[in-house]
Amino acid sequence: MAKSSSLNVRVVEGRALPAKDVSGSSDPYCIVKVDDEVVARTATIWRSLSPFWGEEYTVHLPLDFHHLAFYVLDEDTVGHDDIIGKISLSREAITADPRGIDNWINLSHVDPDAEVQGEICLAVQMLEDVRGRCLRCHVLQARDLAPRDISGTSDPFARVFWGSQSLETSTIKKTRFPHWDEVLELREMPGPPSPLRVELWDWDMVGKNDFLGMVEFPPQVLQQNPPNGWFHLLPFPRAEEDSGGSLGALRLKVRLTEDRVLPSQYYQPLRELLMESVLGPAEEDAASPLAVLEELTSGDCRQELATKLVKLFLGQGLAGPFLDYLTRREVARTTDPNTLFRSNSLASKSMEQFLKLVGMPYLHEVLRPVINRVFEEKKYMELDPCKMDLGRTRRISFKGAPSEEHVREASLGLLTGYLEPIVDTIVGSVGRCPPAIRLAFKQLRQCVEERFPQAEHKDVKNLAISGFLFLRFFAPAILTPKLFDLRDQHADPQTRRSLLLLAKAVQSIGNLGQQLGQGKELWMAPLHPFLLQSISRVRDFLDQLVDVDGKEEPGGPARALVPPSVTVREGYLLKRKEEPAGLATRFAFKKRYFRLSGEMLSYSRSPECQTRSSMPVSHIRAVERVDEGAFQLPHVMQVVTQDGAGALHTTYLQCKNVNELNQWLSALRKASAPNPDKLAAWHPGAFRSAHWTCCLQAERSAAGCSRTHSAVTLGDWSDPLDPDAETQMVYRQLLLGRDRLRMKFLEDSTLDTTPEADTEKGSSATEGACPAALAHQREAAARLLEVLADLNQAHEEFQPQEQRKVAPGPLRP
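Rules behind the numbers
- Residues numbered from 1 in each chain as written.
- Predicted model: local features only at pLDDT ≥ 70, side-chain atom pairs only at ≥ 80, totals over all residues.
- Heavy atoms only, no water.
- Helix = DSSP H or I, 4+ residues; strand = E, 2+ residues; numbered from the N terminus.
- Buried < 20%, exposed > 50% of the residue type's maximum accessible area, 1.4 Å probe, protein only.
- Contact = heavy atoms within 4.5 Å.
- Areas by Shrake-Rupley, 256 points an atom, 1.4 Å probe, with all protein chains shown as cover.
- Expected span 1.5 Å × (residues − 1).
- Pairing = 2+ DSSP bridges.
- Core = buried A, V, L, I, M, F, W, Y, C linked by side-chain atoms within 4.5 Å.
- Axes fitted to C-alpha atoms, helices over the stretch in contact; angles between N-to-C directions.
- pLDDT = per-residue confidence, 0-100.
- Salt bridge = Lys/Arg side-chain N within 4 Å of Asp/Glu carboxyl O.
- Phe/Tyr/Trp six-rings, centres within 6.5 Å; stacked < 30°, edge-to-face > 60°.
- Lys NZ or Arg CZ within 6 Å of the ring centre and 35° of its normal.

A. How the structure looks around the overall build of the protein chain. Helix and strand content of the protein chain: 19 helices and 28 strands. With 813 residues in all, the protein chain has 50% of them scored as buried. Put simply, 69% of the contacts in the protein chain that link residues at least 6 apart link residues at least 24 apart. When the accessible area of the protein chain is evaluated, it comes to approximately 38,300 Å², of which 51% is carbon and sulfur surface.

Right, dumping it as structure tokens:
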């Protein structure tokens, strides 16, 4: 049985931050760490003490996740960035409320003695001889210790306390991965039983030693289950210091989602029910799993559920019937065509998530060239007179005094210059749009046309499609390109305003001119001629888009979310030469253009270069960060591969920044996730000058000194399909509605489905239903409740086994 764990983090905004610059302001950004590994860095908000970030991350986690930390820093162009404060959240604090955390939290001071990380490996024995009891503590090694010296390493030694006695190990110089292999023996002294405490310190020649962390074991543990294995280092126990808000605060949204995933066969009955429900009549259905889910869920939960359902049905080759089932139910209960799909219903959210999951490569192809132009050119554009900065017109026009007309004309030319290639690319992209999306839109159009056949509603069938494609897909991607993986960073304020104007124009096109010239934004009028011309082209595009053969589901059963040949990530990286003997480090790394698909990691001198080198993804055994001290360079990662003879090879790659590093690490780990024989441990350093820079071992073949982190990935549209985890999430949601389902269909009923019994009983939930339909609904409800009961029993049977596995004890190697 596996365990699924993911962390949803949203860094919303900050307030009342202290000024760190002489200008009386700060340039804050936020770093997010999971168990001391940086997983994300927000954009820098220049000259602000109340920054708004609005950045959201999903992190897939290992099973032994301990804590989450947020560090706020002030970026400086010269020297080191200033630390403003931090927020640390333990696993227990995050899971205290099932809904997670959503509030303002004060920043606290960063105490060096509390900034501990890493693990220590111990083997403890309690012995007894004629002289009394003796404690033998075998201090083997430690890993991932905090760097305390300017060189990025430490000089660690261990100090062991038992009662009034203490002993120390030797000091290992310049390493965060020391190997001691020393046995320290301490005799028991008279008095009550004492705990064992092991402290790690960084030795300093000048000044006091720096604390690296500690572990402590109570007397009963020493007697009953002496420690033996890896243990997480902890800071000294101390009361939390409240800064009283003097360092400001962050508004955070954090939710940890954990679940046990049973073996696949346990989910098969529920999957069969889900598949059957989408193949039956949608409008009369009231007791199938999908009908129950539609009634139960709301808000953020509905979006997460929609994603899981879409992925589940994609994997079964039934995404089209699934979307058709939901849209038919939504259309059937809609009386006003102007409100069709305007709410965040399960149907709307499912179609929206379907577009993101299947259409993201298509979106990138359509929008990325123009989005890149907007970011690179940084042109000033504004049509709203209330927001015009007339002082900027000197850069635009040299004909005289600044005027609104000059700004409006120049902005209109720039906007149409960006919009024209967007519209041209969209209307010419019919052949590049994924067939699954075209088929889904064809079914949607047919359904809407049948429901609203009147002449006055002739545009509704097109609005239903353009509402999803333009208003929920293209326009949001233009407005926030980082969230759609079009850019690595959020836009600066000026570029953000330009993107907003472009998004508004694309929304108007998607509305097919229905609200053109209405509302408060009359200042968009100069753009109306271009928009009207584009709308007529978009109508033709929508007609062509749904002209597709709908006899079979594209992709067939067990369809992969991302075909293996599709490029999931590409860009320039710096690659280290295999054996750069005699070269300085900076000359050993050469710029190469990398492409990653599900099958291959390849690189060449440039994107256009035909001569390419490659390594099969199936050969990857580990993808890990590299310590800065290995090459005196930041943001370096390593890809460890295994050749046919079993030999391991390491490729070192340097990224531009920490976000790019995390994205490449995540993409490579996901692509190589199915690979067998993954390494459990590896070296975070490099083998240079006849030793490993991390643990100082002299053998190139020495066992890895640090755990690998293959489980730590960032959630995005390219996450692989996982039908068992997806069905488990659906089961949890259905479990919430089990009692309601029983009351609605089965309460006070013995499943007597004769016409007389149904007439006598009557119920508000089933009023008006014919006896045969009511009998079918009761039968479906009983079957669903039986499947839920079987799954619940399976979880109860597996739970004791799981508790035995995760009982308090040493960490995994």
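Alright, that's what it looks like, and here's the rest.
B. Here's a closer look at the environment of Cys705. Position of Cys705 among the secondary structure elements: in the loop between strand 26 (691-692) and strand 27 (706-707). For Cys705 and Gln141, which are 564 residues apart along the polypeptide, the C-alpha to C-alpha distance reads 9.1 Å. Discounting residues that sit within four places of it in the chain, Cys705 has contacts with Arg143, Phe177, His179, Trp682, His683, Pro684, Cys694 and Cys695.

C. Focus on helix 9 (residues 435-451). Compared with the 24 Å implied by 1.5 Å per residue over 17 residues, the 25 Å span of helix 9 between its first and last C-alpha is a close match. Looking at the buried positions of helix 9, the neighbouring elements they touch are helix 6 (319-332), helix 7 (346-377), helix 10 (460-479) and helix 12 (528-545).

D. Inspection of the pairing of strand 13 (residues 196-202) at higher detail. Counted residue by residue, strand 13 has six buried out of seven residues, so it is predominantly covered. Bridge count for strand 10 (residues 156-162) against strand 13 is seven bridges, and the pairing is antiparallel. Of the residues in strand 13, the one forming a bridge with Val160 is Val198. Examined bridge by bridge, strand 13 and strand 14 (residues 210-217) share seven bridges and lie antiparallel to one another. The residue of strand 14 that forms the bridge with Val198 is Val215.

E. Here's a closer look at the nonpolar core. Grouped together as the largest cluster of nonpolar side chains are 116 residues, with contacts concentrated most on Phe354, Leu367, Phe441, Phe470, Phe474 and Phe541. The element best represented in this core is helix 7, accounting for 16 residues. When neighbours within four sequence positions are excluded, Phe354 is seen to be in contact with Val310, Leu314, Ala319, Leu323, Gly359, Ala436, Ile437 and Ala440. With 31 residues, the next largest nonpolar core counts Leu7, Val11, Cys30 and Ile94 among its residues.

F. Region of interest: the sheet that holds strand 13. As summarised here, the arrangement of the four strands in space is 11-10-13-14, forming an open sheet in which the pairing is antiparallel. The sheet is open, and its two edges are formed by strand 11 (165-168) and strand 14, each paired on a single side. Neighbour to neighbour, the strand axes of the sheet diverge by 20° on average, direction disregarded. Of the pairings in the sheet, the one linking strand 10 to strand 11 comprises four bridges and is antiparallel in character. By the bridge assignment, Trp162 is partnered in strand 11 with Gln165.

G. Looking closely at the confidence of the model for the protein chain. For the protein chain, the mean per-residue pLDDT works out to 86, and 88% of the residues sit at or above 70. This model gives residues 552-559 a pLDDT under 50, and the stretch forms 22 contacts once residues within four places in sequence are excluded. In the predicted structure, residues 748-766 sits below a pLDDT of 50 and forms 24 contacts with residues beyond four places in sequence or in another chain.

H. Molecular detail of the pattern of salt bridges. Tallied over the full model, the rule gives 45 salt bridges. Linking Arg91 and Glu258 is a salt bridge whose minimum nitrogen-to-oxygen distance equals 2.0 Å. One end of the pair, Arg91, is in helix 1 (residues 91-95); the other, Glu258, is in strand 16 (residues 249-261), and 167 residues separate them in sequence. You can call Glu258 partly exposed: its relative accessible area is 30%. For Lys670, the salt bridge is made with Asp719, and the minimal N-O distance between the two is 2.5 Å. Pair noted here: Lys670 is in helix 15 (residues 658-671) and Asp719 is in the loop between strand 28 (713-714) and helix 16 (723-736), with a separation of 49 residues, a long-range link. Of the two residues, Lys670 and Asp719, both sit in the buried class.

I. Structural view of the packing of aromatic side chains. By the definition in use, this model includes 16 aromatic pairs. Ring centres 6.2 Å apart and planes at 55° place the aromatic pair Tyr362 and Phe474 in the tilted group. Of this pair, Tyr362 sits in helix 7 while Phe474 sits in helix 10, and the two are 112 residues apart along the sequence. A residue is classified by how much of its surface remains accessible, and Tyr362, at 3% relative accessible area, is buried. When the centroid spacing of 5.4 Å and the interplanar angle of 70° are considered together, the rings of Phe687 and Trp692 count as edge-to-face. Residue Trp692 is classed as buried on the basis of its relative accessible area, which comes to 3%. Joined through ring pairs, the aromatic side chains of Tyr362, Phe470, Phe473 and Phe474 make up one cluster. Over the ring of Trp230 we find Arg143, and its NZ or CZ is 3.6 Å from the ring centre. Arg451 extends its terminal NZ or CZ atom over the ring of Phe452, reaching a point 4.9 Å from the ring centre.

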